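Survey of secondary and tertiary structure
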Amino acid sequence: MAVGAVLTCVAALLALAGVGVIAQSRSGASRLVYSACLALCGVILAVALSRLVAAPGPEPALTLPVGLPWIGARFRIDALTAFFLAVINFGAAAASLYALGYGEHEEHPGRVLPFYPAFLAGMNLVVLADDAFSFLVAWEFMSLASWALVVAHHREADNVRAGYIYLLMASFGTLMLLLAFGLLAGPAGSYAFGDIRAAEHAEWLAGLVLLLALVGTGSKAGLVPLHVWLPLAHPAAPSHVSALMSGVMTKVAVYGFVRITFDLLGTPSWWWGLAVLGLGSLTAVLGVLYALMQRDLKRLLAYSTVENVGIIFIGLGLALAFKASGLAAPAALALTAALFHVLNHSFFKSLLFFGAGAVLTSTGERDIEKLGGLIRRMPQVAFLFLGGCLAISALPPLNGFVSEWLLFQAILLSPDLPQWGLKLTIPAAGAMLALAAALSAACFVRAFGITFLGRPRSMEAQAAVETDPLSRAGMFLLLAACLVAGILPGVVIDAIAPVVEAQVGLKMPPQTSNAWLSIIPIAESRSSYNGLLVFSFIVFSTLLAVEVIHRFASRALRRAAPWDCGYPQPSPVTQYTADSFAQPIRRVFGEIAFLARERVEMPPPGDARPARLEVRMHDLVWQVLYAPIQGWIQLGAEKLNHLQFLTIRRYLSLVFLALVALLLMVAIWP
Amino acid sequence: MAVILDLAVQGAQMALVLLLAPLLVGFIRRIKARMLRRRGPPLLQPYRDLLRLCRKEVVLAENASWLFRTAPYMIFAATWVAAALVPTFATGLHFSWTADLIAITALLGSARLFLALVGMDVGTSFGGIGSSREMMFSSIAEPAMIMIVFTIALVAGSTQLSTIADTMLTADVGLRVSLGLALVGLIIVAIAENARIPVDNPATHLELTMVHEAMVLEYSGRHLAVIELAAALKLLLYISIIACVFVPWGLATNGSGIPAHALGLATYICKLAVGGFLLALFETSIAKMRVFRVPEFLGAGLMLGLLGTLLLFVSRSF
């Protein structure tokens, strides 16, 4: 049985965590742990893919006698689980392969090795769980294991704070999910997903559960305004773990959302789509704007994760809206686009984090203002990172473009929706999506251009060396996945089809049977895209151009000093910096998004002080939402402090009053 | 037979756009010169320039990377593929279903991304200024283009350019507010994307306001020739898109014979000439705007596209 096989692998991962504890500081321990993780994830990946492609009938849940005594723990693999298992374990396998090389640079392997397999096991268990109890336990286990990895380098400044905020937000998210499942299980307390699915839920209750699930899973996925922990925590972990947290763990959160809203809650109301869509488009644009302003390479990537989560939630919101109005075909298209983006993002975000990790080990720098010119010192990493940048900027023929294209096609079908609220918001969401895509291209031109191009801005960047071959192998694997998913999107869409069919009742028309492997999402509109042909055309015309130019044009080449309009400056500080690159965009969007203000301080003539340019930016989410909450909590704590200095009579009367109040509640409650 | 004709049409199209692009540039320069009471260069001057550049040696900056040497070909290939997929004189292009209007926009985005990257490769401040501004412009121009594509696609029911052209050829589309908005928006985007006045000045050098020229400043010889050809192709492509969506008359439809194709070709060249003339007229009658006025100009394009889409979401009859 597939569940049994996967659970055995998960148990082996947990055992491996124990091995990590014992073997932590011995030489070869990290090689052992990571290669075992690679093998185990490979097995789970194979099982998941076979389930997804072969799609045999539904499999009964496997109940294990662990957990609560009268419930046990149920585990099951359906199409949705199989898809997410594939996403998780492909990312995990690539990360383990990368870590075989990267892990050698770890100063304290004992702080990473035990938690890494545990983290992988936790993520797998979340998607395998078939009842609310084991789901929540696995969810919390995953959060705690990743928290331990975030604070692995706890001596570095800010990492402890990042860990604290992460822990706080993770517990808050779990609390919301706990409440959501409590409402779903109802007074009878039937926590199995099968029972929840079969039960009827009142409309107000379903709406409340949706909001709780949106907050609960959104806080893990990084939806604005719950994203604050993400850009702190993801970069703090070692790079292969950052890749897993950004590329894979946020997808587990997406899984949780899809499981609750599409699978367990039944028929949605139309406003659900509106809420999810609105939050998603806000997240996409704000995420990428934040990313554009970052100097820390890993934090930039983390903010870009926020953006991509927004894109995924735009797709999910559209799918909910279509499903609510009974338009199954567009709903299938939108959900396919969202899930395709889940897959894509797990590929290219892991790739980019691996690249950042390679830069970090080679130079010791995460600040891109101190990098530059790495393309000459690490040409292969530069090539791989460039591939990731192209993919995430949604450029054909790579994979990021396909999912955004599908999303645009879904948006074009939304005038059929009857609700005015949706009719007026969806065009705006489409514009936000297009804006996010364009800004993300700018963001990655900046990230790649400042880090890898130009002249080195520090001694460390000047002395960088190419990273080890195993790390590069992990990156090559992911880039190949990006390319394959980009040029053969039909195969991916067909693999997602059973998942989509289970959630919205209809799947997209089969794509692999189309001529030339084009994808045609909606037959009537005849809109089509063919990644394979675009790729071959580009290759063909590049080769043709190279051939013609090299045959007929002069082949002479001379190296000389840069021209730079005749005034080349030898100092590398005269180059454009990351901040100056982002300045025009900050000026256009920053005044609204960050209340950015620039102030130039010019000393009067004769004064020897240097002129200063000061830029002030505000994090609006923090100021508007979190700072007041912090203030109220502080205020409440101060007021409640009085309760610590009461006499015993007062305490007794308080206990008595509480008892009366509870009894009254029981008496009045229907 | 039909397949052979289709393939021939596709091949002819690829060669045609490549051959016509420098001519269009030469034509526009000539018209602009005439309007300024100058004689202007001969029509074929851009071809001569390209040949001259091809014959010269490449002077490469000492620290230029592999990306700097390969990017011109990538830029050219992406632009050429995009230009080859726009119906110019016939709608029945054999491979037009390979990529729709959104994909064509994204292909141009790839070309722009490479251009912006090579601007930063040598590490000069001019290159950086060009790349930074180009990405700022594109961050508004690209969503504007997507919203315009939405407007057109909602009217035509498809994002496929040949299908759109076929729909526009039928009489029942008529005059629509949304299409008018889309046309104005598309012209704004086209001007910005092709680095024309008032956004950028293709004739300027050594000026702090330049954008496109700043990025390619370090290029010389055959690399520069390829990039210039790509820029000319891009201009041709935008005029072709406008022609095929808004004035599709004369396009040879799918399966029509050789006379129809000849007619299509003749009308296409007329459309290009008219488009080039109007562009030259516009450029000579307006001054270049400050860099930070450009986002407002492009923002107008974005708002027009969004308004067009919104109108169509409200009612399909707008």
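For the structure, see preceding data.
Presented here is a report on the structure given in the accompanying data block. Note on numbering: residues in each chain are counted from 1, in written sequence order. Chains carry letters and ligands carry numbers; both start at the beginning, A for chains and 1 for ligands, and go up in the order they are written. Only residues with pLDDT of at least 70 are given local features in this predicted model, and only at 80 or more are side-chain atom pairs given and counted; all residues enter the totals for whole chains, interfaces and linings. Computation of side-chain values covers all heavy atoms of the structure but excludes hydrogens and water.

Attention now goes to the overall build of chain B. Broken down by element type, chain B carries 11 helices and 1 strand. Per the convention used, a helix needs a DSSP run of H or I reaching at least four residues, while a strand needs a run of E reaching at least two, with both numbered from the N terminus. The helix and strand sequence of chain B, counted from the amino end, reads α-α-β-α-α-α-α-α-α-α-α-α. As a reference, a globule follows 2.2 Å times the number of residues to the power 0.38, and the radius of gyration itself is taken over C-alpha atoms. The globule rule puts the C-alpha radius of gyration for 318 residues at 20 Å, and the 19 Å found for chain B is close to it. Taking the principal axes of the C-alpha coordinates as reference, chain B spans close to 60 × 45 × 45 Å. Taking all 318 residues of chain B together, the buried fraction comes to 65%. Contacts: residue pairs with any heavy atoms within 4.5 Å of one another. Here the analysis covers contacts within chain B between residues at least 6 apart in sequence; of these, 81% occur between residues at least 24 apart. Computed with a 1.4 Å probe, the accessible areas rest on the Shrake-Rupley method; for each residue, only the protein chains presented here act as cover. A total of about 11,000 Å² of accessible surface is found on chain B, and carbon and sulfur atoms cover 69% of it. Each residue is placed in one exposure class: buried if its accessible area under a 1.4 Å probe, protein chains only, is under 20% of its type's maximum, exposed if it is over 50%, and partly exposed if it falls in between.

In this section: the overall build of chain A. Of the regular secondary structure elements, chain A holds 24 helices and 5 strands. On the principal axes, the C-alpha backbone points of chain A span a range of 90 × 70 × 60 Å. Across the 670 residues of chain A, 58% fall into the buried class. When the accessible surface of chain A is split by element, carbon and sulfur atoms take 68% of a total near 25,900 Å². For the charge count, each Lys or Arg is scored as positive and each Asp or Glu as negative, with His and the chain ends excluded. The location of each charge is read from NZ of Lys, CZ of Arg, CG of Asp or CD of Glu. Treating the 42 positive side-chain charges of chain A as one cloud and the 37 negative ones as another, the clouds have centres 4 Å apart.

Another point: the side chain of A:R457. All names here are of chain A. On the secondary structure map, R457 appears in the loop between helix 17 (420–452) and helix 18 (459–462). Any carboxyl oxygen of Asp or Glu within 4 Å of a side-chain nitrogen of Lys or Arg constitutes a salt bridge here. Buried and without a salt bridge, R457 has E369 as its closest oppositely charged side chain, separated by 5.0 Å. Once residues within four sequence positions are removed from consideration, R457 is found in contact with I368, E369, K370, L371, G372, I450, Q575, Y576 and T577.

All names here are of chain A. Paired rings are identified among Phe, Tyr and Trp, the last through its six-membered ring, by centres lying within 6.5 Å, and are further divided according to the angle between planes into stacked (under 30 degrees), edge-to-face (over 60) and tilted (the rest). Using the criterion set out here, one finds 25 aromatic pairs over all chains in the structure. Ring centres of F90 and F347 lie 5.1 Å apart, and the angle between their planes is 65 degrees; this geometry places the pair in the edge-to-face category. Separated by 257 residues along the polypeptide, F90 in helix 3 (residues 79–102) and F347 in helix 13 (residues 328–363) bring together distant segments of the chain. The buried category is assigned to F347, whose relative accessible area is 8%. Grouping aromatic residues by their ring pairs yields a cluster made of F135, W139, F181 and F193. A ring is scored as having a charge over it whenever the NZ atom of a lysine or the CZ atom of an arginine sits within 6 Å of its centre and within 35 degrees of its normal. Its guanidinium or amino end placed over the ring of W229, K220 lies 6.0 Å from that ring's centre, counting from NZ or CZ.

All names here are of chain A. In a regular helix each residue adds 1.5 Å, so 36 residues correspond to 52 Å; helix 13 covers 52 Å between its end C-alpha atoms and thus fits that length. In terms of burial, helix 13 is largely enclosed, as 32 of its 36 residues are buried. Directly beyond the C-terminal end of helix 13, a positive phi value near 75 degrees is found at G364. The span one expects for a helix is its residue count, reduced by one, times 1.5 Å.

A few words on a nonpolar patch on the surface. Residue and element names in this part refer to chain A. To count toward a patch, a residue needs a relative accessible area over 30% and no salt bridge; like charges are then connected within 9 Å, while nonpolar side chains (Val, Leu, Ile, Met, Phe, Trp, Tyr) are connected within 5 Å. Together, L640, L643, Y651, L654, F656, L657, V660, L664 and I668 give the surface a local cluster of nonpolar side chains, amounting to about 870 Å² of exposed area. Sort the elements by how many residues they give to the nonpolar patch and helix 24 (residues 648–668) lands first, with 7 residues. With respect to the helices and strands, the residue Y651 is situated in helix 24. Relative accessible area serves as the criterion here: at 32%, Y651 is assigned to the partly exposed category.

Residue and element names in this part refer to chain A. Close contact between helix 15 (residues 379–392) and helix 17 brings their axes to 9 Å; oriented N to C, the two are set at 170 degrees. Relative to helix 17, the element helix 15 is oriented roughly antiparallel. Contact residues: V381, A382, F385, L386, C389 and I392 in helix 15; S440, F444, F448 and F452 in helix 17. Every axis corresponds to a line fitted to the C-alpha atoms, with the helix fit spanning only the stretch in contact, and the corresponding angles, defined between N-to-C directions, vary from 0 to 180 degrees. Geometric relationships in this document are graded by angle, where less than 35 degrees denotes roughly parallel, more than 145 denotes roughly antiparallel, 65 to 115 denotes roughly perpendicular, and other angles denote oblique.

Moving on, we get to the state of the cysteines. All names here are of chain A. Pairs of cysteine sulfur atoms within 2.5 Å are identified as disulfides in what follows. Within this structure, the stated rule accounts for 0 disulfides over all chains. With no disulfide of its own, C389 has C443 as its nearest cysteine by sulfur position, at a separation of 8.6 Å. Residue C389 is classed as buried on the basis of its relative accessible area of 2%. Since its relative accessible area comes to 0%, C443 is described here as buried.

Next up on the list: the packing of helix 3 (residues 66–84) of chain B against helix 9 (residues 221–246) of chain B. Residues and elements named next belong to chain B. At a minimum axis distance of 9 Å, the contact between helix 3 and helix 9 shows a crossing angle of 20 degrees. What the angle tells us is that helix 3 and helix 9 run roughly parallel. The two elements helix 3 and helix 9 meet at a crossing, and its hand is left-handed. Each of R69, P72, Y73, I75, F76, T79, W80, A82 and A83 in helix 3 lies in contact with helix 9, whose residues at this interface are R222, H223, V226, I227, L229, A230, L233, K234 and L237. When its residues are assigned to classes, the contact of helix 3 with helix 9 shows 13 nonpolar, 2 polar and 3 charged. It is the rotation of the near helix from the far one that decides the hand of a crossing: anticlockwise by less than a right angle makes it left-handed, clockwise makes it right-handed. Amino acids are sorted into nonpolar (Ala, Val, Leu, Ile, Met, Phe, Trp, Tyr, Cys and Pro), charged (Asp, Glu, Lys and Arg) and polar (every other residue, Gly among them).

In this section: the interface of chain A and chain B. Every contact between the two is made by 83 residues of chain A and, on the other side, 79 residues of chain B. Simply put, the buried area is the total loss of 1.4 Å probe accessible area from both parts when two parts are fitted together. Roughly 7,200 Å² is buried in total at the junction of chain A and chain B, and carbon and sulfur atoms are behind 72% of that figure. Counting the surface chain A buries against chain B, the share from its top three residues, A:L412, A:R559 and A:Y576, is 9%. Taken together, the links from chain A to chain B amount to 2 salt bridges. What qualifies as a polar contact is a pair of N or O atoms within 3.5 Å, subject to a donor-acceptor requirement within protein and to the restriction that residues adjacent in sequence count only when both atoms come from side chains. Applying the counting criterion to the chain A and chain B interface returns 27 residue pairs in polar contact (both at pLDDT 80 or more). Counting residues per element, the ones that place at least two in the side of chain A that touches chain B are helix 14 (374–377), helix 15, helix 16 (399–412), helix 17, helix 21 (531–552), strand 3 (557–560) and helix 22 (578–593) of chain A. Top contributing element to the side of chain A that touches chain B by residue count: helix 17 of chain A, with 18 residues. Considering only residue class, the side of chain A that touches chain B consists of 54 nonpolar, 19 polar and 10 charged. Strand direction decides the pairing type here: strand 3 of chain A and strand 1 (residues 58–61) of chain B, joined by 4 bridges, are parallel. Bridged to A:R559 within strand 1 of chain B is B:L60. What makes two strands pair is DSSP finding at least two bridges between them.

Residues and elements named next belong to chain A. Here L384 shows up in helix 15. For L384 and L351, which are 33 residues apart along the polypeptide, the C-alpha to C-alpha distance reads 7.7 Å. Ignoring anything within four residues of it in the chain, the contact list for L384 reads L351, R472, M475, F476 and L479.

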